[in-house]
Amino acid sequence: MTDPDSALATPPAPRGFTRSLSNFGVIILTLSVLSPGVSVLVSGSAIVQDAGTGVVMAFLLGALVCYCQTSMAAELGAAYPTAGYDYAALGHAIGDWAGATAYVSSILASPLFLSTSVKGIAIYLVPFGIPLSPNEITLITVGLVAILALLNIRANEYITGIFMLIEFAALFLIAGVGAAHARPDALQAMLHPMHMKEGVWMAAGIGVVGIAINNASWALAGSSQALMFSEDMKNPRAIGRIIMIAFGLTILSETAPVLGVIAGAHDLKAVLGSDSPFETFLAAYLPEAILRFISLSIAIAIFNACLAGFVGLGRNLFAMGRTQLFAPPINRALTRLTARTDAPWVAILLLAAATAAVTWLPLSFQVLLLSGNYTILTVFYVLGIYSGRRSGRTGTHDYKTPWYPLIPLLGVAIVIGEVVVLWLDADSGRKSLFLCSAVWALSYLYYRFVLLRRPGGWRMTGPSDIDAMVAKG
C-alpha cells in the first residue's frame, strides 16, 4: 500500500518532450554543438602555433585518445539515453552519488562553455566593419540565440543544418587548397615536428607535442552531447551509434584542414608564426572575397554552436529540475515547457542570463574552469564502464565499448597522461587541475549534506519511458 504522505511529498512528473527527431537530425544538432569549425579555426589555431608541424601528429593521436573516451561515453549513454547527458548516464551506471556530483559540477561549466564560444563571433566579424564593441556583439548574439532556441526543435534542426553545410564547406575548402599545393617534403615535416618559439624555428619536443595531443583530444571531444537530444528522438536506443557516427565525422572534418595547412603551406615559418595561421595560409592562395567567406563561415559556425548549445543545455537544465536537484520552486521553473514548441523556456532564459553574466569574466579564468574538467570526467567514464559491466546496467544495449577491458584500461592511462601534462603546465594546467577537482569535491558535498538530508533522501530520475525500460532490465 502506498504511503499517502510520501505520495503527497513526491511532485508530479513534468511533461516530457515530443519524440520527433530522426537519427540524422540528432547528428546535425550534435555536430552543431561541438562545431568542428570552431574547434579547428579558433581552438585549433592555438594548437597549430604551439605544436607547429607536429599538429598533425597531435590531432591523429588526440583522435585515438578521444575515441577511447567517446566509446565509453557512448556505452553509458546507450544504457540511459536522457537529456541528463553524461551526468545521468554516470549516475545510472555507478550510483546516485555519481549522477548528482556530475550534474552539480556542470552548472557553472555550461554558461562558461557557451561564453567562450560566443566571444569568438566578434573577432571574425571584424573584416565586415560592424560598428559595435566585442561585448555588445556578444550580448546581442546571446539574446538572438536564446530567442531562436525557443523554437520547435525541428525548426532548429533545419536552421543548424543549413549553417552546418556552410561550416563544412569552409573546412573542406581549406583541406582542398592544402591538397592542391602539397609540398614533396610534407610527410617529413609532420614526422619531425618543428615550430616557431619566440621567433626562432626549432624542433618541437615531446613535451610540446604531448600538450598538443591533450589539447587536440579536447578539441575533438563532444560527440556525447548527442545525449542532450535523446529525449526528442523517435528511437533513443540508437543514441550509442549516433554518438560514434558524430565522432567519426568530427575526426574527418577537423583533421582534414589541419593536414591541409601543414601539407600545403610553402612558407611554414610565416604560417606557424602567425596569430591566425589558417587565414595566413589561405591568404597566399585565395582572393580577398574567399577570405571574407571563411571569416563569415567561422562566425556562422560559432553562432550555430551557440544555438544548438542553448537547445541542448536548456534540456540538460530541464533534466536537473526533473530529478529535483534544487529547491522545489526552482525545479518547477526549470521543467516548464512552452505549449507549442516543447522548449524549456525558463531553463533557456536562465542559461542566457548566466552566459551574459560570465562574459565579463577573464577568458583565462574561464579556460581554467573548463580545461581540466574533461580529465575528471574521464575518471568517471572508466569507473562507470567497470561498474556498469559488473552490475549488468551497461554493455547490453545498442552500443558497447569494444575490446573490453582494453579501452577502459587505456582510459586509465589517458587520465594519468593528462594529469601529468596538466601538472607540468604550472601557469594554467596545474591551477585548472586543482580548481576543477575542488568543484567536483564541492559537488559531492552538496549531494552528501544537502540532497541526502532531504526527507526520504534523493534518487536520480529521468523520463518515465526510459526509467520504465531500465526497470524491466
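Engineer: A description of the pairing of strand S2 (residues 200-203) should follow, citing residues and the corresponding values.
Structural biologist: Pairing geometry for strand S1 (residues 194-197) and S2, over four bridges, is antiparallel. Directly across from Lys197, in S2, lies its bridge partner Val200. Linking S1 back to S2 in an antiparallel pair, the connection comprises two residues, with Glu198 at a positive phi of about 55 degrees.

Engineer: Quick one: what's the story with helix H4 (residues 55-79), residue by residue and with numbers?
Structural biologist: In this model H4 runs 35 Å from its N-terminal to its C-terminal C-alpha over 25 residues, within 8% of the 36 Å that 1.5 Å per residue would give. Most of H4 sits out of view: 20 of its 25 residues are buried.

Engineer: Which residues make up the nonpolar core, and what are the values?
Structural biologist: When a protein is soluble and globular, its nonpolar side chains tend to lie buried together. Within the largest apolar cluster, 135 residues are counted, with the highest numbers of intra-cluster contacts made by Val55 and Phe310. A total of 16 residues in this core trace back to one element, the largest contributor, which is helix H14 (residues 288-322). The contact partners of Val55, leaving out residues within four places of it in the chain, are Ile47, Val48, Val258 and Ile262. Membership of the second largest hydrophobic core comes to five residues, among which are Leu112, Val358, Leu369 and Leu370.

Engineer: How would you explain a nonpolar patch on the surface if you had to name every residue and give the values?
Structural biologist: A cluster of nonpolar side chains, Trp97, Leu383, Leu442, Tyr444, Leu445, Phe449 and Val450, forms an exposed patch at the surface whose accessible area comes to about 600 Å². If you tally residues by element for the nonpolar patch, the top one is helix H20 (residues 429-451), at five residues. With respect to the element layout, Val450 can be found in helix H20.

Engineer: Go over H20 with me, naming the residues and quoting the values.
Structural biologist: Structurally, the α-helix is built with 3.6 residues per turn, so residues lying three or four positions apart point the same way. In this model H20 runs 32 Å from its N-terminal to its C-terminal C-alpha over 23 residues, within 8% of the 33 Å that 1.5 Å per residue would give. If you check which residues of H20 are buried, you get Gly429, Ser432, Leu433, Cys436, Trp440, Ser443, Tyr447 and Leu451.

Engineer: Describe the environment of Pro193, and please don't skip the residues or the numbers.
Structural biologist: Take Pro193: it is sitting in the loop between helix H9 (186-191) and S1. Sequence separation of Pro193 and Gly54 is 139 residues, and the distance between their C-alpha atoms is 4.4 Å. Apart from residues lying up to four places away in sequence, Pro193 is in contact with Thr53, Gly54, Met57, Ala203, Ala204 and Val209.

Engineer: Describe in detail the pattern of salt bridges, supporting the description with residues and values.
Structural biologist: All told, the structure shown has nine salt bridges when counted by the stated rule. Arg19 is the salt-bridge partner of Asp465, the closest N and O atoms lying 2.9 Å from each other. A residue pair is termed long-range when its members are at least 10 positions apart, and Asp465 in helix H21 (residues 464-472) and Arg19 in the loop between helix H1 (4-9) and helix H2 (23-34) qualify at 446 residues. For Arg19, a relative accessible area of 25% corresponds to the partly exposed category. Between Asp96 and Arg459 there is a salt bridge, with its nearest N and O atoms 3.6 Å apart. Taken together, the residues Asp96 in helix H6 (residues 96-124) and Arg459 in the loop between H20 and H21 connect sequence positions 363 residues apart. Residue classification places Asp96 among the buried residues on the basis of a relative accessible area of 18%.

Engineer: Give a detailed account of the side chain of Ser32, specifying residues and quantitative values.
Structural biologist: On the secondary structure map, Ser32 appears in helix H2. Residue contacts for Ser32: discarding those within four places in its chain leaves Thr160, Met164, Asn304, Ala305 and Ala308.

Engineer: Can you explain the packing of aromatic side chains? Please cite residues and give values.
Structural biologist: On inspection of all chains with the given rule, the structure shows 16 aromatic pairs. Each ring, one from Tyr67 and one from Phe247, has its centre 6.0 Å from the other, and the planes form 50 degrees; the classification is tilted. Highlighted residues: Tyr67 in helix H4 and Phe247 in helix H11 (residues 239-264), separated in sequence by 180 residues. Here Phe247 falls in the buried class, since its relative accessible area comes to 7%. Ring plane angle 45 degrees and centroid distance 6.0 Å describe the contact between Phe168 and Phe172, whose orientation is recorded as tilted. With Phe168 and Phe172 both in helix H8 (residues 153-180), this residue pair falls four residues apart, about one helical turn. Given a relative accessible area of 34%, Phe172 falls into the partly exposed group. Among the aromatic side chains, those forming a connected cluster through ring pairs are Trp97, Phe380, Trp440, Tyr444, Tyr447 and Trp458. Over the aromatic face of Tyr404 sits the side chain of Arg389, whose NZ or CZ is 4.2 Å from the ring centroid. Against the face of Trp423 rests Arg430, its NZ or CZ located 4.5 Å from the ring centre.

Analysis parameters
Residues numbered from 1 in each chain as written. Predicted model: local features only at pLDDT ≥ 70, side-chain atom pairs only at ≥ 80, totals over all residues. Heavy atoms only, no water. Pairing = 2+ DSSP bridges. Helix = DSSP H or I, 4+ residues; strand = E, 2+ residues; numbered from the N terminus. Expected span 1.5 Å × (residues − 1). Buried < 20%, exposed > 50% of the residue type's maximum accessible area, 1.4 Å probe, protein only. Core = buried A, V, L, I, M, F, W, Y, C linked by side-chain atoms within 4.5 Å. Contact = heavy atoms within 4.5 Å. Patch = residues over 30% accessible without salt bridge, like charges linked within 9 Å, V, L, I, M, F, W, Y side chains within 5 Å. Areas by Shrake-Rupley, 256 points an atom, 1.4 Å probe, with all protein chains shown as cover. Salt bridge = Lys/Arg side-chain N within 4 Å of Asp/Glu carboxyl O. Phe/Tyr/Trp six-rings, centres within 6.5 Å; stacked < 30°, edge-to-face > 60°. Lys NZ or Arg CZ within 6 Å of the ring centre and 35° of its normal.

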